[in-house]
Each structure stands twice: as structure tokens, then as C-alpha cells.
Amino acid sequence: MKTIDFTQQLVNVQSELFRFAFKLTADREDANDLLQETSLKALDNEEKYTPDTNFKGWIYTIMRNIFINNYRKTVRDQTFVDQTDNLFHLNLSQDSGFDSTEAAYDLKEIHRTVNALPKEYRVPFAMYVSGFKYREIADKLGLPLGTVKSRIFFTRQKLQEELKDFR
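Please read all numbers here as calculations on a predicted model, not as lab measurements. (Residues numbered from 1 in each chain as written. Predicted model: local features only at pLDDT ≥ 70, side-chain atom pairs only at ≥ 80, totals over all residues. Heavy atoms only, no water.)

Caption draft 1: Here's a closer look at unusual backbone geometry. Even without being glycine, Ala26 reaches a positive phi, approximately 60°. Judged by its relative accessible area of 62%, Ala26 falls in the exposed class. Backbone geometry places Asp52, a non-glycine residue, at a positive phi of 65°. Mapped onto the elements, Asp52 comes out in the loop between α3 (28-44) and α4 (55-77). Look at Asp52 and you get exposed, because its relative accessible area is 81%. (Buried < 20%, exposed > 50% of the residue type's maximum accessible area, 1.4 Å probe, protein only. Helix = DSSP H or I, 4+ residues; strand = E, 2+ residues; numbered from the N terminus.)

Caption draft 2: Inspection of the side chain of Thr38 at higher detail. Secondary-structure assignment places Thr38 in helix α3. Here Thr38 is in contact with Ile59, Ile62, Met63 and Ile66, once residues within four sequence places are set aside. (Contact = heavy atoms within 4.5 Å.)

Caption draft 3: Region of the structure containing the environment of Glu162. Along the chain, the position of Glu162 falls in helix α8 (residues 145-162). The class for Glu162 is partly exposed, based on a relative accessible area of 39%. Sequence-wise, Glu162 and Ile110 are 52 residues apart; in three dimensions their C-alpha atoms are separated by 9.0 Å.

Caption draft 4: A look at the nonpolar core. In this structure, Ala42, Phe55, Trp58, Ile59 and Met63 are the most contacted members of the largest nonpolar core, which totals 18 residues. Of all the elements, α4 adds the most residues to this core, at six residues. Residues within four places of Met63 in sequence aside, it is in contact with Leu17, Phe20, Ala21, Leu24, Leu34, Leu35 and Thr38. One finds Val123, Phe132, Ala138 and Val148 within the second-largest nonpolar core, a separate group that totals twelve residues. (Core = buried A, V, L, I, M, F, W, Y, C linked by side-chain atoms within 4.5 Å.)

So, in C-alpha cells, the structure goes:
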């Protein structure tokens, strides 16, 4: 495909792409940024596009993947992993949704149960709940991938057993 044809197709789908970006981000400025980033990535990877295939599908996939990657990066950047012995700083966002007294009591019980776990189980579980992937946890803690997965699995089982009354 010639560069002119490719660019023309890209220009033709800009309004549809903007609507899709706005649907993903719910913010006009973020949608414009996502649209620009998608267009640049498409132009940079023009040689990877196979002519006579679904151009819209290809470009929408690029946009969706950029959005997902940016979202994951934002979540990771906002995550604070507490390394203190007593897990003083709990890895919850400020807007946790626990406004009622009963919910606050339940949250304290959950914190107590999590804090009672041994550190080698508590830290990987806290990282996993915060949005880290198994591989990232293994790399950061210097553990084998299988060990991380099994510790998170056993922590889940323990928490389900301890907190069965909260379901």
C-alpha cells in the first residue's frame, strides 16, 4: 500500500477514532491525546499493515491496546507497596468506597486478617491486588514465578477461609 493511500485511510477514520477514544477515556483532552498517540503509532508501523485487510479493525486494535497499556501504567505508578513490618500503610486508594461504619468495621477485620499473614505471603498478595502481574512481582521480589503464583493462591485460600462470614 502506498503511503498516500494509507494516510488517506487514516484521515478518513479520525472522527470515528475520536468517538471511540472518548468512549474509552470519558475526557475530551485524554481522547485527543489517545487519538494522536494512535495515529503516530499507526504511521510508525505502516509497514506492518497488510493491504486489503480490515484497516479499521487494525487501527481500533492499536487504540485499544494503547489505552489498556496506559491504564495499566497509571495504576502501577499510583501503587505504593508497603514494605514495613506491620503493613502500616495499606495499599488502598483514597477513594475506596467504604463510607459506612459497618463497612469500615468489615474493612478493619479484613486488614487484621491480611496483616496476620506471614510477610512472604502478604507482600506478593498486596502487590497482586494492587495490579502487578505475576511476572512483575517475581522480578521485583527476586522469586521464581511459580513461587509467586502459589503464594498468592494460598493467600487467597486462607483469606476465603478466614473471611467466609463476610460474603
